[in-house]
Structure formats: C-alpha cells, structure tokens
Amino acid sequence: GIEALEKEAETEKDTGGLIAQKTNVFKLESLGRMLDSLLDTPAKEGKEGKAGGAPKANFRAIPQPGSNAKNRADMLVQVDDEENLMAEKRLPIFVTCAESAEAVIEVVLSVYVRRGRIPEPSEILFCSSQTTLEEIELIFYRFISAKKYSRGHYVFTVADIHALPYTYQVAVLEKLREMLADFGTDDAAQLLMVSGKPRQVLLNSLSGQMVELGPLDQKSLSASLAHACKKWCGETTCVSSNINGGGKTHYVLSQIGMRQAQNERFAYRRVPYHESSTSGSLVARLSKFAGTREKNAFHIDIGHIIPANANTCLFELLIVGVLKNPETCAVYARSNRDVYYLEIPNSERNKTAE
C-alpha cells in the first residue's frame, strides 16, 4: 500500500498535478449531471429537436384559443407545422403591421396565446423613443443563438418599431444584416417585428418577410388574460363605472378592508398613474414596497389623462411581469402574491377605458 501511494505521488509530481486536475474535472462533471437532473434539463444530441427530442419549455402555459376563435392560426404557426418544408425557403424573420398603434399589443399577445402561453420577459421588447440600439441588439443575439441554449422554440418580438426614429431603424436593419452574415440562422429561433404604422424603413426593407397577423377576437383574448392572471401573473381586477363619482375608490378600499378583516395580510398601497407618469416613475414607486414579507394590495389610480404608452407600460407590468426604467436600467418584477386593483376613470366617450 505504501509503495502504491509513493508511486501515485511521484506520478502526480511528474505530471504537474494532472491527476488531481482530472479528479476535479470528474467531480465538476458529476455535479453538472446532478444539477441537470434536478433542473430537468432536456438532453440534446446535435441540433435541437432532433435525436435529443424537443426541449421541455418552461413557459407560463395557458389554454389555446377555441376552434371558433377569430384568426385562430397565423403564418408563424404554419412555419412551425411545416418546418421541414419551409424552413429552408425563407429566413426565420417576420415583420407585420397592425391596424393601428393601439392594436400592437393585441397582435403581439395573439401570437403567444395561439401557442398556449404568455410572453416571457426575455423574449419581448416594446420600443419607445428611449429605446437604445443595445437593447435591440441584445434581442437579436438571443434570437441568433437560441438553439444553443434550448430556446429554439422561442418567438423573440420587437414591437412598436414605428416609435424608433428613422436613423435608428436604419441602424437596426444594418445590425440585423451584419449578424445574419456573421452567425447565420442555424441556431436561430424566430424573430417577429411589429409596427403600429405603415411606411416604416424596417417594413419596406424587409417586405419579403411580411406576414399578415390578425389579432384574436376580444372574447378569446380576455379569457386568456383571465387565466394567465389567475394561474401565473397574480390577481388583477379592473374597477370601472358608467358615471363619475360612482364609488370606484370606495369599492377598492372596501374590498381590501374586507379581506384584511378575514385575516389576509395585505398592505394597502396607492399608486397614482397620470399624464406625467412614466415607466421609470412607476418602477420607482413600486420598488419602494419590494422585499416586504407581507403581500401588497396595489391600488393603481389611473387619471383622466394618461401617457400615450400607458397600455404598453401596464401590459409589461401586469402580464409580462417585468417593468424597466430605461434611464437607470432599474427593474421591477411583479410578484404573483400581490393583488392589483386598477381604477379606470370615466372620460368622454369612454376613451381612457378603451
């Protein structure tokens, strides 16, 4: 036994500790296999979706629209279903134009609802005048290398591209062409760019990738959002009335008070949202209450006059689940333990509610 130990020590000395290094490698490999089994990481052989099988998606699943739903299928679904026949004929890049800027959210949400899920924060970007080229480039990198990280089934979306200035759209187009030339699309997922206005540089330059993506009907979208809030996002209630002074605020306060009386540990938080509000100011207000042990009951008091991107901001917060301050890069992630009450104000012809 002593001779064997001396021989092993001499061998290790001669090889510069290679034996010890191999032992550490083996330990790391064993640890990696253990973590893979714990995290249920899908096995892969070669390209994603071949011998290793399709990866298991960690999506927030919801029921797909019924057979009677309007615009139940889209061109992206057809590409998925006929991948072997069509994948080689065109790039996995799609552009579309919604009927209006207000309809962009419906178009984007419909794409994911058709696939039986809601969008993940890492695969969707809503553009604004403050959007940087770096943010869009990051989405492009995720799209280009998706299959390397078992995300080939993602649909990466850049929405509201009409909000980008002309020079930014040109820069985005050049960056996309550059990345396609450098990396190709062998490991790419799908990329969708949605505009709320026609005659945009990106739409015209990528006209060969144009597809028609009509939104689902309101009933199907409402049912999907209700299921998503119940199962994944968290309890969300909209409160409205057909007259001013109808008791909306009183109703919100009474509902929270009743639940507190039933020993539900809620902390009431009033968050105003008006004309001067931005995603940054909303992140700052909500972040003050982050990290508390008790659940929050947020009362989003929406004013009569609201910013143009109010729908987008609230959609990112309530459904996507992550809201970012574009100036400081501060991020607020919604907890599904918290309850949100949205007080919808009365306005002429009910424009604010719409």
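Up top is the structure.
Report on the accompanying structure.

The rules we used
Residues numbered from 1 in each chain as written. Predicted model: local features only at pLDDT ≥ 70, side-chain atom pairs only at ≥ 80, totals over all residues. Heavy atoms only, no water. Helix = DSSP H or I, 4+ residues; strand = E, 2+ residues; numbered from the N terminus. Buried < 20%, exposed > 50% of the residue type's maximum accessible area, 1.4 Å probe, protein only. Contact = heavy atoms within 4.5 Å. Areas by Shrake-Rupley, 256 points an atom, 1.4 Å probe, with all protein chains shown as cover. Pairing = 2+ DSSP bridges. Axes fitted to C-alpha atoms, helices over the stretch in contact; angles between N-to-C directions. Expected span 1.5 Å × (residues − 1). Arc of directions from axis to C-beta. Polar contact = N/O pair within 3.5 Å; in protein donor to acceptor, adjacent residues only side chain to side chain. Phe/Tyr/Trp six-rings, centres within 6.5 Å; stacked < 30°, edge-to-face > 60°.

**Examining the overall build of the protein**
The helix and strand tally for the protein stands at 12 helices and 10 strands. Within the protein, the fraction of its 354 residues that count as buried is 40%. For the protein, the share of sequence-separated contacts (at least 6 apart) that also reach a separation of at least 24 residues comes to 80%. Accessible area of the protein: about 20,100 Å², with a carbon and sulfur share of 51%.

**A short note on the pairing of strand β4 (residues 190-195)**
Of all six residues in β4, six are buried, a share of seventy percent or more. Burial of the side chains of β4 extends over both faces: Gln190, Leu192 and Val194 are buried on one face and Leu191, Met193 and Ser195 on the other. In terms of strand pairing, strand β1 (residues 93-97) meets β4 through five bridges, oriented parallel. Of the residues in β4, the one forming a bridge with Thr96 is Val194. Examined bridge by bridge, strand β3 (residues 155-159) and β4 share five bridges and lie parallel to one another. Bridge pairing links Val155 to Gln190 in β4.

**Section: the sheet that holds strand β7 (residues 295-302)**
Read across the sheet, four strands follow the order β5-β10-β7-β6 without closing on themselves; strand pairing throughout is parallel. The open sheet terminates on both sides in strands that have one partner only, identified here as β5 (236-239) and β6 (266-273). Taking each pair of neighbouring strands and ignoring which way they run, the sheet shows an average axis angle of 20 degrees. With eight bridges connecting them, β6 and β7 associate as parallel partners. Note that in β7 the partner of Pro272 across the bridge is Asp301. Along the sheet, helix α12 (residues 310-320) makes contact with β5, β6, β7 and β10 (339-343), crossing β10 at roughly 165 degrees.

**Here's the deal with the sheet that holds β4**
An order of β1-β4-β3-β2 is seen for the four strands of this open sheet, with the pairing classed as parallel. In this open sheet, the two strands that pair with only one neighbour each are β1 and β2 (124-126). In this sheet, adjacent strand axes meet at a mean angle of 15 degrees when their direction is disregarded. Judged from the three bridges that link them, β2 and β3 form a sheet pairing that is parallel. Residue pairing for β3: Leu125 is matched across the bridge by Val158. Against the sheet, helix α5 (residues 104-114) makes contact with β1, β2, β3 and β4, and its axis sits at roughly 180 degrees relative to β3, the strand it touches most.

**Thoughts on helix α9 (residues 218-233)**
For α9, with 16 residues, the first-to-last C-alpha span of 19 Å runs short of the 22 Å given by 1.5 Å per residue. Among all positions of α9, only Ser220, Leu221, Ser224, Ala228, Cys229 and Cys233 are buried. The arc enclosing the buried residues of α9, seen along the axis, measures out at 165 degrees, which places them on a common side. Pointing more than 90 degrees away from the buried face of α9 are the exposed residues Lys219 and Lys230. For α9, the elements touching its buried residues are α5, β5 and α12.

**Things to note about the environment of Lys248**
Mapped onto the elements of the fold, Lys248 is located in helix α10 (residues 248-261). Accessibility expressed as a relative area gives 9% for Lys248, which makes it buried. For the pair formed by Lys248 and Glu343, sequence separation is 95 residues and the distance between their alpha carbons is 6.6 Å. When near neighbours in sequence (up to four residues on either side) are disregarded, Lys248 contacts Val239, Ser240, Ser241, Ile243, Glu343, Ile344, Pro345 and Asn346. In terms of polar contacts, Lys248 uses its side chain to reach the side chain of Asn346, at 3.0 Å.

**Some remarks on unusual backbone geometry**
With phi around 55 degrees, Asn71 is a residue other than glycine that occupies positive phi space. One can find Asn71 in the loop between α2 (18-39) and α3 (75-81). Despite not being glycine, Arg199 shows a phi value in the positive range, around 55 degrees. Its place among the elements puts Arg199 in the loop between β4 and α8 (201-205). Overall, the relative accessible area of 72% leaves Arg199 in the exposed class.

**Digging into the packing of aromatic side chains**
Any aromatic ring pair is given by two values, namely how distant the centres are and how the planes are angled relative to each other. Taken as a whole, this structure holds six aromatic pairs when the rule is applied. With a centroid separation of 5.9 Å and 80 degrees between ring planes, the pair formed by Phe126 and Phe315 is classed as edge-to-face. Residue Phe126 is located in strand β2, and its partner Phe315 is located in helix α12; the two are separated by 189 residues in the primary sequence. As far as the burial class goes, Phe126 and Phe315 line up, both buried. Through a chain of ring-to-ring contacts, the aromatic side chains of Phe59, Tyr154 and Phe156 assemble into a single cluster.

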